[in-house]
Structure formats: C-alpha cells, structure tokens
Amino acid sequence: DQVLKQLQQERARELAAVEIELREKYYRSLLGRKLRVLVETEAHSAPGPQSPDSAIWSGTSCRYATVELPASAVDEGQFIDVTASEVRDDRIVATR
C-alpha cells in the first residue's frame, strides 16, 4: 500500500523536528566539556581588528558535532582541543 504524499510530508516534518530537538539536547550535554575538533573550513572573520587568529572556522568534534571555533589557516586539517561554550543554531560554539 502507498502512503499518501501529504502524509509522507507530514511525517518528514515531524522527524525533522525530532532530529533538531535531539541534536540540541545532545549538543547541550557537551557544554563545558573538552572536545578535540578537526579544523575544516573558514566560516567567517571575527568582529574586531583583523589578525591571523581572528577568523572563525568550523570543524567536526571527536563526538561528531559541528563546532565553530577561533582558528587560523595554519590550523586547517589539524586537531585542536577546545571547550564547548554555547549551542547556537545547529552547532556548538567553542573557545580555545
């Protein structure tokens, strides 16, 4: 039997909402913890005076969480130890 398209879409929306809720709960459980993060891509420049260390990068933690952290081009592809300090949208914001 086929499931109606409208019901498929409703179920997909419900699953997406559950996924967001579970991810946020998991990310919040990591707050204050040390994470080892693989620095992957530059996200944007940090506000304020520019210096080699003023960019915001994103990476993946040892716990498979997306992490935003202060880093520089020399950190790209390296593992950096950080502390999870905040959950923002769909990622953890960390400090070094």
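Right, let's walk through the structure included here. Just so it is clear, the model here is predicted, and its values are computed rather than measured.

Here's the deal with a nonpolar patch on the surface
- Taken together, the side chains of Val 3, Leu 4 and Leu 7 present a nonpolar region at the surface, about 250 Å² in accessible area.
- With respect to the element layout, Leu 4 can be found in the segment before α1 (5-29).
- On the basis of relative accessibility, which here comes to 65%, the residue Leu 4 falls in the exposed class.

Description of the nonpolar core
- Among the nonpolar cores identified, the biggest contains 17 residues, and Leu 35, Val 37, Val 39, Val 67, Leu 69, Val 82 and Ile 92 are the most heavily contacted of them.
- Those elements giving two or more residues to this core turn out to be β1 (34-45), β2 (55-61), β3 (66-71), β4 (79-88) and β5 (91-95).
- The element contributing the most residues to this core is β4, with four residues.
- Beyond its immediate sequence surroundings of up to four residues, Ile 92 is in contact with Tyr 27, Leu 30, Leu 35, Ala 65, Thr 66, Val 67, Glu 68, Ala 84 and Glu 86.

Overview of unusual backbone geometry
- Here the phi dihedral of Tyr 64 falls at roughly 65 degrees; this positive angle occurs in a residue that is not glycine.
- For Asp 89, which is not a glycine, the phi torsion comes out positive at approximately 55 degrees.
- Structurally, Asp 89 is set in the loop between β4 and β5.
- By relative accessible area, which is 63% here, Asp 89 ends up exposed.

Topic: the pattern of salt bridges
- If you walk through the whole model with that rule in mind, you get nine salt bridges.
- When the shortest N-O distance is used, the salt bridge between Asp 81 and Arg 36 registers 2.9 Å. Of the two residues, Asp 81 is situated in strand β4 and Arg 36 in strand β1; the sequence distance between them amounts to 45 residues.
- A network of salt bridges, in which partner residues are shared, links Glu 68, Glu 86, Arg 88, Asp 89, Asp 90 and Arg 91.

A short note on the packing of aromatic side chains
- Scanning the entire structure with this criterion turns up one aromatic pair.
- Pairing Tyr 26 with Tyr 27 gives two aromatic rings, centres 6.1 Å apart and planes at 50 degrees, and the pair type is tilted.
- Classification of Tyr 27 by relative accessible area gives buried; the value is 6%.

Structural notes on the side chain of Glu 68
- On the secondary structure map, Glu 68 appears in strand β3.
- We classify Glu 68 as buried; its relative accessible area is 8%.
- There is a polar contact of 3.3 Å between the side chain of Glu 68 and the side chain of Arg 88.
- Excluding residues within four positions of it along the chain, Glu 68 makes contact with His 44, Ile 56, Trp 57, Ser 58, Arg 88, Arg 91, Ile 92, Val 93 and Ala 94.

Reading guide: rules and limits
- Residues numbered from 1 in each chain as written.
- Predicted model: local features only at pLDDT ≥ 70, side-chain atom pairs only at ≥ 80, totals over all residues.
- Heavy atoms only, no water.
- Patch = residues over 30% accessible without salt bridge, like charges linked within 9 Å, V, L, I, M, F, W, Y side chains within 5 Å.
- Areas by Shrake-Rupley, 256 points an atom, 1.4 Å probe, with all protein chains shown as cover.
- Salt bridge = Lys/Arg side-chain N within 4 Å of Asp/Glu carboxyl O.
- Helix = DSSP H or I, 4+ residues; strand = E, 2+ residues; numbered from the N terminus.
- Buried < 20%, exposed > 50% of the residue type's maximum accessible area, 1.4 Å probe, protein only.
- Core = buried A, V, L, I, M, F, W, Y, C linked by side-chain atoms within 4.5 Å.
- Contact = heavy atoms within 4.5 Å.
- Phe/Tyr/Trp six-rings, centres within 6.5 Å; stacked < 30°, edge-to-face > 60°.
- Polar contact = N/O pair within 3.5 Å; in protein donor to acceptor, adjacent residues only side chain to side chain.

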